[in-house]
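Secondary and tertiary structure notes
Next come the chains, spelled out residue by residue.
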Amino acid sequence: EAKSRGRGQVCYFNNAMRKKLKRRADIENDLQHGIRNSEFELFFQPIFSLNDPHVVSFEALVRWHHPKNGLVPPNDFIPIAEQTGQIIDLDLHLLRSAAQQLKLWRQAGYPMTRVTVNVSSRHFASLDFVTYMQQLYIDHQLPNGSLCLEITESGLIENLKLATQIITGLAPLGVKLYLDDFGTGYSALGYLHQLPIHVLKLDKSFVDQLTHKENPLIDAILSLARSLDLNVVAEGIENPKQWALLKRKGCQFGQGFMVSKPLPADEAMQFLLTHTEMALSI
Ligand code: C2E
Ligand code: MG
Ligand code: MG
Ligand code: MG
């Protein structure tokens with residue numbers, strides 16, 4: 001009996017494995033077409049100042065209009081694109097979309113704002129990335145610092161010297177580096193002061209905890225940021241209590257569903273225009 005059950009499990013395992021591999025192969029295939037057919041759309045989530053509530057910038061977050069599967073969220077395909085290496089093409093394509101959006105907004109006479117784009121740390125392995133960014137700034141006549149980057153720390157640390165060269169190469173464009181999901185990865189504190197980064201993004205998991213208990217790590221991260229002269233953006237603020245606590249602790253910026261979900265470009269700009277002074281007094 002055990003034997004037949006065991007075999008059943010093996011069989012089930014194989015099926016699950018096969019399905020997973022098939023799904024991966026499908027996504028890999030579809031990604032290639034998707035990039036060519038422009039099936040990706042950037043949504044924009046407002047980042048705001050906690051003290052004097054107004055929108056300071058947008059984070060660009062990709063959505064995939066898949067011809068068969070509808071709207072696909074990034075967590076369903078970004079990790080696969082990372083594995084297959086397609087993330088390079090996808091990110092470069094999305095950086096260009098963000099630059100085009102900034103140009104469209106400028107041409108329409110809207111106030112200039114900053115957009116941060118999430119990119120894989122794989123880009124920080126070649127100086128070609130600096131050239132690409134320079135060209136984007138030129139092609140779209142982007143004001144200094146209007147197109148910035150979000151990156152997680154693990155990849156930067158793997159190749160600290162080259163990463164530093166690349167970040168330094170981007171500096172004349174005003175490109176700021178936002179260290180994403182801070183506090184969840186290796187958080188190799190020893191390297192933090194060596195990296196020419198500008199902003200820490202406090203991971204949502206810390207913000208979630210604020211509602212029920214004090215976590216001394218939050219204070220530690222904020223104080224670390226202060227001593228390194230880095231700004232902090234808190235991710236995933238969902239209620240006024242979190243906002244108030246973060247503000248009291250000295251966190252300057254935030255984003256989250258409490259203020260706005262990621263929005264299509266037009267709605268995002270409307271949001272910015274109607275919330276130049278957000279009517280939130282906490
Ligand atoms: P991330 O960069 O840490 O982005 C924050 C995620 O938290 C986004 O999920 C955002 O929609 C979500 N979020 C923001 N505020 C709240 C909130 O108040 N509550 C909750 N529950 N969630 C909130 P999203 O858009 O699904 O993106 C997931 C991840 O996919 C991103 O995490 C980023 O790592 C990656 N990603 C998104 N767009 C791109 C891209 O264009 N290129 C690359 N390489 N990665 C991307
Ligand atoms: Mg991000
Ligand atoms: Mg994040
Ligand atoms: Mg994240």
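Reading the values: the criteria
Residues numbered from 1 in each chain as written. Chains lettered and ligands numbered in written order. Predicted model: local features only at pLDDT ≥ 70, side-chain atom pairs only at ≥ 80, totals over all residues. Heavy atoms only, no water. Donors = N, O, S within 2.8 Å, 3.2 Å for Na, K, Ca; no water. Helix = DSSP H or I, 4+ residues; strand = E, 2+ residues; numbered from the N terminus. Buried < 20%, exposed > 50% of the residue type's maximum accessible area, 1.4 Å probe, protein only. Near = heavy atom within 4 Å. Polar contact = N/O pair within 3.5 Å; in protein donor to acceptor, adjacent residues only side chain to side chain. Areas by Shrake-Rupley, 256 points an atom, 1.4 Å probe, with all protein chains shown as cover. Nonpolar A, V, L, I, M, F, W, Y, C, P; charged D, E, K, R; others polar.

**Comments concerning the coordination of the magnesium ion (ligand 3)**
Bound to the magnesium ion (ligand 3) on the protein side are D180 (OD), D181 (OD) and E235 (OE), at distances that span 1.8 to 2.3 Å. Site description for the magnesium ion (ligand 3): donor spacing in sequence, D-D-x53-E. Between the magnesium ion (ligand 3) and the magnesium ion (ligand 2), a separation of 3.9 Å is found, and both are coordinated by D180. With D181 in strand β6 (residues 177-182) and E235 in the loop between β8 (231-234) and α10 (240-248), this residue pair connects regions lying 54 residues apart in the sequence. The class for E235 is buried, based on a relative accessible area of 10%.

**Concerning the site of ligand 1**
Close contacts around ligand 1 come from 23 residues, with R63, N118, D180, E238 and F257 the closest. For ligand 1, a nitrogen atom lies 3.0 Å from a polar atom in the side chain of D91. Within the side chain of N118, one N or O atom sits 2.9 Å away from an oxygen atom of ligand 1. Coverage of ligand 1 by the protein chains reaches 82% of its 800 Å² of free accessible surface. Counting only elements with at least two residues in the shell around ligand 1, the list comes to β2 (55-66), α3 (87-107) and β6. Here the element with the most residues in the shell around ligand 1 is β2; it accounts for 4 residues. Here the residues of the shell around ligand 1 sort into 9 nonpolar, 6 polar and 8 charged.

All we've got here are geometric facts, nothing functional implied.
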